[in-house]
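# Residue-level structure breakdown
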Amino acid sequence: NQNEIVSASYTQEDRILEILYLLAMDSNPVKITTLSEHFSVSKSTIVKDIDVLRANIECDKVKISGSSDGLQLMGSEAKIRELLVNSYAESMDNRSKIDIARLMLHENARIIYRVQWRLFENVDIKFVERMINVVNDRLSMSLDDEQYMRLAGSICIAIKRISLGKKYDIGY
C-alpha cells in the first residue's frame, strides 16, 4: 500500500504539519493513539511532535487543547485558517511548489509530497482556479507564485473548514 510507504517516510517536520492538518480538519477531538497509528510511530513520538507544534503556534493565538477525548485546535476561525496557510506556505520547498503547480494544472497528476498536497486533496481544483481568476480580474492585479499558492491554499482551507461547519465571522 503506497500510503503506508509514504506514512513511514514522514520527517518530524512533515508529521507536525500533518498533525496540524488533521486537528484542523476533524470536527472531533483526535486521540494520540489515532495519530500514533496514522504515522506508525510511538505515542511518545507523537507527544514530542505535539510539544513542538504547541511551541511553534504559541504566538499565533491558536492553542492545542487536550483532554481524555483527544486533542483539538482552539482559537478563532480566522487565526486557525491563517495558521494553516502560513504553516503550509513556509513548509514548501521548490520541489513542493512544482508538484502543487502540477496538481493545479493537471488534477490527476501524481506528486511526491503528500503532506503539502493535503490542502488540495478532495477539492475541486478547477473551482479554486476560477476563484483565483475572479480575484485577479476584480483587483486588476497579477499574483506572483507565492501569492498564488497562498490564495489557492486559503480557498482550499475555507472550502474544507466550511464543510466542517466552521464559519468565518467577517464582522458584518
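Thresholds applied
Residues numbered from 1 in each chain as written. Predicted model: local features only at pLDDT ≥ 70, side-chain atom pairs only at ≥ 80, totals over all residues. Heavy atoms only, no water. pLDDT = per-residue confidence, 0-100. Contact = heavy atoms within 4.5 Å. Core = buried A, V, L, I, M, F, W, Y, C linked by side-chain atoms within 4.5 Å. Buried < 20%, exposed > 50% of the residue type's maximum accessible area, 1.4 Å probe, protein only. Helix = DSSP H or I, 4+ residues; strand = E, 2+ residues; numbered from the N terminus. Phe/Tyr/Trp six-rings, centres within 6.5 Å; stacked < 30°, edge-to-face > 60°. Expected span 1.5 Å × (residues − 1). Axes fitted to C-alpha atoms, helices over the stretch in contact; angles between N-to-C directions. Parallel < 35°, antiparallel > 145°, perpendicular 65-115°, else oblique. Nonpolar A, V, L, I, M, F, W, Y, C, P; charged D, E, K, R; others polar.

Here we come to the confidence of the model for the chain. Confidence in the prediction for the chain averages 83 pLDDT; 85% of positions are at 70 or higher. Below pLDDT 50 for its whole length, residues 1-8 participates in six contacts with residues either more than four positions away or in separate chains.

Counting 41 residues, the largest nonpolar core has Ile19, Leu35, Ile64, Leu73, Leu84 and Phe120 as its most contacted members. Those elements that provide at least two residues to this core are helix 2 (12-24), helix 3 (32-39), helix 4 (43-57), strand 2 (70-74), helix 5 (77-91), helix 8 (125-139) and helix 9 (145-163). Looking at which element gives the most residues to this core, the answer is helix 2, with eight residues.

Moving on to the packing of aromatic side chains. Following the criterion strictly, the structure yields two aromatic pairs and no others. Judged by centre distance (5.0 Å) and plane angle (80 degrees), the rings of tyrosine 10 and phenylalanine 39 are edge-to-face. Remark: phenylalanine 39 occurs in helix 3 and tyrosine 10 occurs in the loop between helix 1 (2-8) and helix 2; sequence separation between them is 29 residues. The burial state of tyrosine 10 is the same as that of phenylalanine 39; both residues are buried.

In this model, helix 2 (13 residues) spans 18 Å end to end at C-alpha, consistent with the 18 Å of a helix rising 1.5 Å per residue. Counting buried positions along helix 2 gives ten out of 13 residues, so the element sits mostly inside the fold.

The interhelical angle for the contact between helix 3 and helix 4, taken along N-to-C directions, is 105 degrees, at an axis separation of 9 Å. Taken together, helix 3 and helix 4 sit at an angle that is classed as roughly perpendicular. Together, Ile32, Thr33, Leu35, Ser36 and Phe39 of helix 3 and Lys43, Ile46, Val47 and Ile50 of helix 4 make up the contact between the two elements. Class assignment for the residues of the contact of helix 3 with helix 4 results in six nonpolar, two polar and one charged.

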